[in-house]
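Architecture and fold: a report
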Amino acid sequence: MLEFKQISYSYHTKKGETAAVSDLNFKVGKGQFVSVIGPSGCGKSTILSLAAGLLSPSSGEIITGSGEFGYMLQKDALFEWRSVEQNIFLPLEIKRVNTAEMRAKAVALAEKYGLKDFLKKSPSQLSGGMRQRVALIRTLAAQPEILLLDEPFSALDYQTRLEVCDDVQSIIKSEKKTALLVTHDISEAIALSDKVVVLSSRPAHVVAEHDITFADTPKGRRNDSHFAAMFEILRKELGI
Amino acid sequence: MKNKEHFSREHIAYLKKQKKKKILVTTLRWVILALVLGLWELLTYYKAMDPFITSSPSRVISTIGSLYESGELFYHVGITLAETLAGFFIAVIAGYSIAIILWSSETVRAVLEPYIVVLNALPKIALGPLIIIWIGTGYTAIIFMTVIVSIILCIMNTLAGFIAVDETKLTLMKAMGASRRATLAKLVIPASLPSLMNTLKVAVGLAWIGSIMGEYIVSRAGLGYLIVYGGQVMKLDLVMSATFILCVLAGCMYGIIALIEKIVVKQF
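The rules behind each value
Residues numbered from 1 in each chain as written. Chains lettered and ligands numbered in written order. Predicted model: local features only at pLDDT ≥ 70, side-chain atom pairs only at ≥ 80, totals over all residues. Helix = DSSP H or I, 4+ residues; strand = E, 2+ residues; numbered from the N terminus. Rg over C-alpha atoms; globule rule 2.2 N^0.38 Å. Buried ≥ 20, exposed ≤ 12 C-beta atoms within 10 Å, placed from the backbone. Contact = placed C-beta atoms within 7 Å. Nonpolar A, V, L, I, M, F, W, Y, C, P; charged D, E, K, R; others polar. Core = buried A, V, L, I, M, F, W, Y, C linked by C-beta atoms within 7 Å. Pairing = 2+ DSSP bridges.

Assigned secondary structure in chain A consists of eight helices and nine strands. Scaling as 2.2 N^0.38, a compact globule of 240 residues should have a C-alpha radius of gyration of about 18 Å, and chain A matches this with 18 Å. A principal-axis box enclosing the C-alpha atoms of chain A has dimensions of 45 × 45 × 30 Å. A total of 240 residues make up chain A; the buried ones form 40% of that total. Partitioning the intrachain contacts of chain A with sequence separation of at least 6 by distance along the chain shows that 72% fall at a separation of at least 24.

Here it is as structure tokens:
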């Protein structure tokens, strides 16, 4: 689990100080998939950096469980000079848990989610959607408790995006991971999450929180009659 | 490679056209060389040009032949080649190491930047007298000249390659908790390999400039020495021959690096 308690954070540059986040409170429960949406440039990525400990808050407290974080980024950032398999092993090497057992687990995970035939291939031989799936398996390889997803679908074309989006959600759910996603895409947030947190423009604070309870799968959600109504609510709260 | 049977007729025609073009380019290259050499030979043969001043292809060949017979050919080539290679490797290894240090610390980089810029702009030949006084007139002086001519470029180019590494990949490493060292070993060095290969290609050319320049200033042997000596005693055959051998050697070294590049960069 992960909790933000009255978090504030400011960027410092030569020109001055910019408050990116102010008085932010929300909670991601264990096993929950929470999306954070907000107007562009409102400091969404900052929230993930704070959660991962890449940045420390100016004030407030972030409460995390014992587990590790896995970070998934907008671009897949696969290393072209490594095979798919070697890419998936990267976090094991970095975190110094590169044991035969961990590697076997990572390979099992990759095979379970349809990468069996691609393990020895080079990333450049894979489609955009496939690459993003490799990126997810790489994120999962080091067995993180919490996944931090920074608009991981936004670089994909629309059709691939829907597929990968459903894909990633089902993998995360079946691995029973906790996930925090930041996105600017309202429908993505509704389709994927147990809870949607709406942020204001900068400095970001929480405008509203909604539990999404209708339907189970992203596809089911998009086809559900409640989808449009939820979309309207979120859209208004974002002020678009 | 795909099987040829799967290609359409159109694609086969396309491939043929590409092949034809390649043959044409190669042929024209040889034709130009043959024309220049042939014209040169003819003009000197019929005394339209004075072979004492311009030498001629046949005289170059006979000069190289007699250098070979007297055993001097490999002596001079060996010396220049050794100086160039030594200077090249020292410059590349030292330049790469310095680039790693500069990459590791932004402060060090900021502090040293103006010095590197000035050293880069400085015509290294200006250091000739200093080199002679400090290091003497032996091979070390020439190797030193080779190193200073090529090292700054090695530093600047490899550093630029390090800095150009994709920001997203760096964030990924950071998010995984990678140390600076792990980031260097797992990401920055492999990611910048293509840029290193480019640096090697430019550096090898500069190494030749450095070694020949060094030989102009101090040497008693080597191809640069032959050129200077030949010029002083008006033996233009010797000047032309040494220049020709230089062309061949420099071309070969470039070719070897280009080949290594092809193998290394294949996976990118």
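Turning our attention to the overall build of chain B. What chain B contains, in helices and strands, is 12 helices and zero strands. In chain B, the order of α-helices and β-strands from amino to carboxyl end is α-α-α-α-α-α-α-α-α-α-α-α. Taken over C-alpha atoms, the radius of gyration comes to 24 Å for chain B, far larger than the 18 Å a tight globule of 268 residues would show. Here chain B holds 268 residues, and the buried ones make up 32% of them. Pairs at least 24 apart in sequence give 74% of the contacts found in chain B among residues at least 6 apart.

The next thing to look at is the interface of chain B and chain A. Residue-level contacts link 15 residues of chain B with 14 residues of chain A. The set of elements that each furnish at least two residues to the side of chain B that touches chain A consists of helix H8 (167–175) and helix H9 (180–191) of chain B. Looking at side-chain class alone, the side of chain B that touches chain A contains seven nonpolar, four polar and four charged residues.

By size, the foremost hydrophobic cluster in this structure holds 119 residues, and its most contacted members are A:Leu148, A:Leu180 and B:Ala203. Considering every element that reaches this core, the biggest residue donor is helix H7 (residues 139–163) of chain B, with 14 residues. Residues within four places of A:Leu148 in sequence aside, it is in contact with A:Leu48, A:Ala51, A:Ala52, A:Phe69, A:Gly70, A:Tyr71 and A:Leu180.

All right, on to the pairing of strand S7 (residues 178–183) of chain A then. Residues and elements named next belong to chain A. Burial within S7 is extensive, with six of its six residues counted as buried. Burial along S7 is two-sided: Thr 178, Leu 180 and Val 182 and Ala 179, Leu 181 and Thr 183, pointing in opposite directions, are all buried. Two elements, strand S3 (residues 33–37) and S7, share five bridges in a ladder whose sense is parallel. By the bridge assignment for S7, Ser 35 is matched with Leu 181.

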